[in-house]
Amino acid sequence: MPRSNRPRRPVSGKGAGPGKRGAGKKGGGNVPELDLERARAGIARRESAPDGEWMVRTMTAKNAEKTYICPECSTAVLPGVAHLVVWKDDHLFGAAAGLAERRHWHTNCWMSRSYRYR
């Protein structure tokens, strides 16, 4: 017999004692505080440059957990240092290939890179 994915509910009064009413409903518990820093970090923005279209996502210091090499200055982006994750949006082989080739840049290295084109 196939299994049912519907939650089992007590039949009008059976199994629902005086202290159990509404225990599984929404809004019954404490609501966790919204972490604005985490919410802002997850959104990628699109940037246009003479060398193409880029997707840029901010990585906060709290979320930076690994060491990466910045492609601009060839030095390490250390854990605990806020930086940018950048990938090509108009990649020749599609968006998935661009995302697979993403790189971690120092924020200053990424910002100063655009001055070469002026």
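K.L.:
Would you mind going over the environment of Val77 with me for this structure?
P.N.:
Tracing the backbone shows Val77 in strand S4 (residues 76-77). Val77 sits in the buried class, given a relative accessible area of 0%. Measuring from C-alpha to C-alpha, the distance between Val77 and Trp105 comes to 7.4 Å, with 28 residues separating the pair along the chain. Setting aside residues up to four positions removed in sequence, Val77 forms contacts with Lys66, Thr67, Tyr68, Cys70, His83, His104, Trp105 and His106.

K.L.:
How do you make sense of the packing of aromatic side chains when you look at a structure like this?
P.N.:
Ring pairs (aromatic) are described by centroid distance and by the angle formed between their planes. Enumeration over the complete set of coordinates arrives at two aromatic pairs. Note on Trp54 and Trp110: the rings are 5.6 Å apart at their centroids and 75° apart in plane angle, and the pair reads as edge-to-face. Remark: Trp110 occurs in helix H3 (residues 107-113) and Trp54 occurs in strand S2 (residues 52-59); sequence separation between them is 56 residues. For the pair shown, Trp54 and Trp110 are each scored as buried. Ring geometry for Trp105 versus Trp110: centroids 5.0 Å apart, planes at 80°, classification edge-to-face. Each member of the pair, Trp105 together with Trp110, is buried. Aromatic ring contacts, followed pair by pair, group Trp54, Trp105 and Trp110 into a single cluster. The lysine or arginine in question, Arg113, covers the ring of Trp110, its NZ or CZ lying 3.9 Å from the ring centre.

The rules we used
Residues numbered from 1 in each chain as written. Predicted model: local features only at pLDDT ≥ 70, side-chain atom pairs only at ≥ 80, totals over all residues. Heavy atoms only, no water. Helix = DSSP H or I, 4+ residues; strand = E, 2+ residues; numbered from the N terminus. Buried < 20%, exposed > 50% of the residue type's maximum accessible area, 1.4 Å probe, protein only. Contact = heavy atoms within 4.5 Å. Phe/Tyr/Trp six-rings, centres within 6.5 Å; stacked < 30°, edge-to-face > 60°. Lys NZ or Arg CZ within 6 Å of the ring centre and 35° of its normal.

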